[in-house]
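A structural walkthrough
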Amino acid sequence: MTDAPRRLRPAGSDDLGLRRALSDRLLPMLVGAMAFLAALALAGVVAAAALAGHWQRGAAATLTVQVPEPLQDGRLDRVLTMLRASPAVLEAQALSESEMEALLRPWLGAGSGRIALPMPAVVSVRVRDTADDAGLAARLESAVPGTLLEAHDRWLRRLSVLARSLQACAALAMGLVAFVAVAMVMVATRAGLSSRRDAIEIIHGLGATDGFIAGRFARRAMRLAASGALAGAVLALPVLLGLTGLAAPFAGGEAPSGLWALALAMPAPLWLGLPALPPAAAAIGWITAQGTVRRWLRRLP
Amino acid sequence: MLHDLTFAVPEGGFRWLLGASGAGKTSLLRLLQLAVRPTQGELVLLGESIGPALRRRLPLLRRRIGTVFQDFRLLPHLSAYDNVALPLRLAGRPEGQIRVDVSELLNWVGLSRKLAARPAELSGGEQQRVAIARAVVGRPALLLADEPTGNLDEVQAERLMQLFHEMNRLGATVIVATHNDTLVARHPAHTLLLQDGQLVRDD
């Protein structure tokens, strides 16, 4: 008899029998799936943000101005002067001969400079914004006829709008994932409450406070949600690394080879966001279970 | 269900609660153990007026009330030991003291070999004794019992009455609802008699 109590379970563990009421299978599995989705959505937010930023910088406006017969009457100089005097223009630079050669090499092969073609001069222009493209083109045309202004930022701007929309969708997806996680914990907690109704009433009758009962549920829900989210985040890691490898060339880098290179190439927000998933799920589990149980307990006197 | 019911039990008093089935004994006990609040009238329990009392005050009051339920109301997933230890754990007593008190009490009711047994593994009488141990382990100021001898033989019932008298002597107010006329005859005491939800005798 003396050693019997020692064989019994330790104090304060599963008074309410929640180990069976809140199953350690379904809820973690569902939360794990949610965490996996959240990781993908997070990757979407980060990637879209990176692309948007990249394109934005590109679209921060380079124009190209072609000036045919540049040497005649100092046409090129006049165009340059005019461009530099215009307030929207940050920088205007005529491409040098070697730059022209580099530009044309894919079409004309090496030594294109020696080919006697009437080549226009090409001026690369960085502008503050591209709102007044048409006005600038008209002024150039009237001052130096034949000048051609090419604004190749328009599609970039569209891409950047697209990237922003993708980013918003990904953020929305994350919000929905959190919402579904809350709903799942709520449903699981309600099911646990109704399957443990007798035990709760007995413990309530013995003088358990709402805080005690809600705390038991919340602790269980928190553990289940955290373990599920941990599994989901771990499973999402290889997928994110794979996506990082695929996306790297588009961001202007080279495809990283090797696990370390991949890991380093993965954006910092992802490295911060992924480990935050289990604590976030734990918080959702705890808060939702507390709220659900406390509301349910109001029906008892 | 209950109506026109006025009575007072002094601190440290003993009452038999008698009446036919359906007379309202269990309803009255539910009021006294704070399982329901009165819809009308006034109920003062252990010095606290229950009607206007804040809901969060009630758990502390409940911890001072021990109840032996007719249907035992043990937690099926907990051992006999843990069932009896529950009120002490809810009150936040240290585990060392809990071990001493619970072991002693289960020893006293003759269940020292069944500490680890779940309620389903116990006979009706054994379950009733666990329920009794759980009701008294916290040394309640108010002890309520609903047919506490229903599953006990005469010797055990007599021992239980000794326990109730001992608790009573130590200052607890004891109210026992029963149909066991022999027991009442053997231990004459102040009686509350209910009939159709009304108090018809209080002496």
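Quick caveat, the model's predicted, so the values are computed rather than measured.

What follows covers the overall build of chain A. The secondary structure content of chain A amounts to eleven helices and four strands. The burial tally for chain A puts 35% of its 301 residues in the buried class. The long-range share in chain A, meaning contacts at least 24 apart out of those at least 6 apart in sequence, stands at 83%.

All names here are of chain A. Within the secondary structure, glycine 285 is located in helix α11 (residues 268-297). For glycine 285, a count of 33 C-beta atoms within 10 Å gives the class buried. Taking C-alpha positions, glycine 285 is 13 Å from alanine 35, a pair spaced 250 residues apart along the chain. Every residue in contact with glycine 285, bar those within four places of it in the chain, is listed here: Val185, Ala221, Met222, Leu224, Ala225 and Ala226.

Quick look at the domain arrangement of chain A now. Annotation of chain A at the domain level lists domain 1 (17-56 + 157-297) and domain 2 (62-152). Computed over C-alpha atoms only, the centres of domain 1 of chain A and domain 2 of chain A are separated by 53 Å.

The subject of this paragraph is the pairing of strand β4 (residues 65-68) of chain B. Residues and elements named next belong to chain B. Every second residue of β4 is oriented toward a common face, with Ile65 and Thr67 on one face and Gly66 and Val68 on the other, all of them buried. Where β4 meets strand β5 (residues 142-146), four bridges bridge the pair, whose relative direction is parallel. Residue pairing across strands places threonine 67 opposite leucine 144, the latter belonging to β5.

Predicted coordinates in areas of low pLDDT are best not read in detail. Summarising the model, chain B shows a mean pLDDT of 92, and 100% of its residues fall at 70 or more. With pTM at 0.78, the complex prediction returns an ipTM value of 0.92.

Another point: the interface of chain A and chain B. With 19 residues of chain A at the interface, the matching set in chain B holds 26 residues. When residues of the side of chain A that touches chain B are traced back to their parent elements, those giving at least two are α1 (4-7) and α8 (197-205) of chain A. A breakdown of the residues in the side of chain A that touches chain B according to their chemical character gives eleven nonpolar, five polar and three charged.

In this section: the packing of helix α3 (residues 80-90) of chain B against helix α4 (residues 95-108) of chain B. Residue and element names in this part refer to chain B. α4 packs onto α3 with a crossing angle of 130° between their chain directions and a minimal axis gap of 10 Å. In terms of orientation, α3 lies oblique with respect to α4. Classified by chirality, the crossing of α4 by α3 is right-handed. Of the residues in α4, those in contact with Ala80, Tyr81, Val84, Ala85, Leu88 and Arg89 of α3 are Ile98, Asp101, Val102, Leu105 and Leu106. Here the contact of α3 with α4 is composed, by residue class, of nine nonpolar, no polar and two charged.

What follows deals with the nonpolar core. Residues and elements named next belong to chain A. One finds Ala39 and Ala225 to be the most contacted residues of the largest nonpolar core, which totals 113 residues. For this core, the leading source of residues is helix α3 (residues 26-59), giving 16 residues. When near neighbours in sequence (up to four residues on either side) are disregarded, alanine 225 contacts Leu27, Val31, Val185, Ala281, Ala282, Ile284 and Gly285. Ranked by size, the runner-up nonpolar core spans 17 residues in total, among them Val79, Ala121, Leu136 and Leu149.

Below, the discussion takes up the packing of helix α9 (residues 210-247) of chain A against α11(A). All names here are of chain A. It is the contact of α9 with α11, at a shortest axis distance of 7 Å, that shows an interaxial angle of 155°. Here α11 runs roughly antiparallel to α9, going by the angle between their axes. As for the relative orientation of α9 and α11, their crossing is right-handed in sense. For the contact of α9 with α11, the class distribution of residues is 26 nonpolar, five polar and two charged.

All right, on to unusual backbone geometry then. You will see that Asp73(A), though not glycine, has its phi angle at about 55°, which is positive. Here the phi dihedral of Asp196(B) falls at roughly 50°; this positive angle occurs in a residue that is not glycine.

Turning to the sheet that holds strand β8 (residues 198-202) of chain B, a few remarks are in order. All names here are of chain B. The sheet built from six strands is open, its strands ordered β4-β5-β6-β1-β7-β8 with mixed pairing. Taken across any chain shown, the strands that pair with only one partner, and hence form the sheet edges, are β4 and β8. Between one strand and the next, the sheet's axes are offset by a mean angle of 20°, whatever the strand orientation. Seen against the sheet, helix α1 (residues 25-32) touches β1 (14-18), β5, β6 (173-177) and β7 (191-195) and runs at an angle of roughly 155° to β5. In this fold helix α5 (residues 124-136) packs onto β4 and β5, with an angle of close to 170° to the strand it touches most, β4.

Residues and elements named next belong to chain B. Three or more residues of α1 are buried, namely Lys25, Leu28, Leu29 and Leu32. An end-on view of α1 places all buried positions within 100° of arc, on one side of the element. One or two steps after α1, the chain reaches leucine 34, where phi turns positive at roughly 65°.

Cut-offs applied
Residues numbered from 1 in each chain as written. Chains lettered and ligands numbered in written order. Predicted model: local features only at pLDDT ≥ 70, side-chain atom pairs only at ≥ 80, totals over all residues. Helix = DSSP H or I, 4+ residues; strand = E, 2+ residues; numbered from the N terminus. Buried ≥ 20, exposed ≤ 12 C-beta atoms within 10 Å, placed from the backbone. Contact = placed C-beta atoms within 7 Å. Domains from an automatic or database assignment. Pairing = 2+ DSSP bridges. pLDDT = per-residue confidence, 0-100. Nonpolar A, V, L, I, M, F, W, Y, C, P; charged D, E, K, R; others polar. Axes fitted to C-alpha atoms, helices over the stretch in contact; angles between N-to-C directions. Parallel < 35°, antiparallel > 145°, perpendicular 65-115°, else oblique. Left-handed = near helix turned anticlockwise from the far one by under 90°. Core = buried A, V, L, I, M, F, W, Y, C linked by C-beta atoms within 7 Å. Arc of directions from axis to C-beta.

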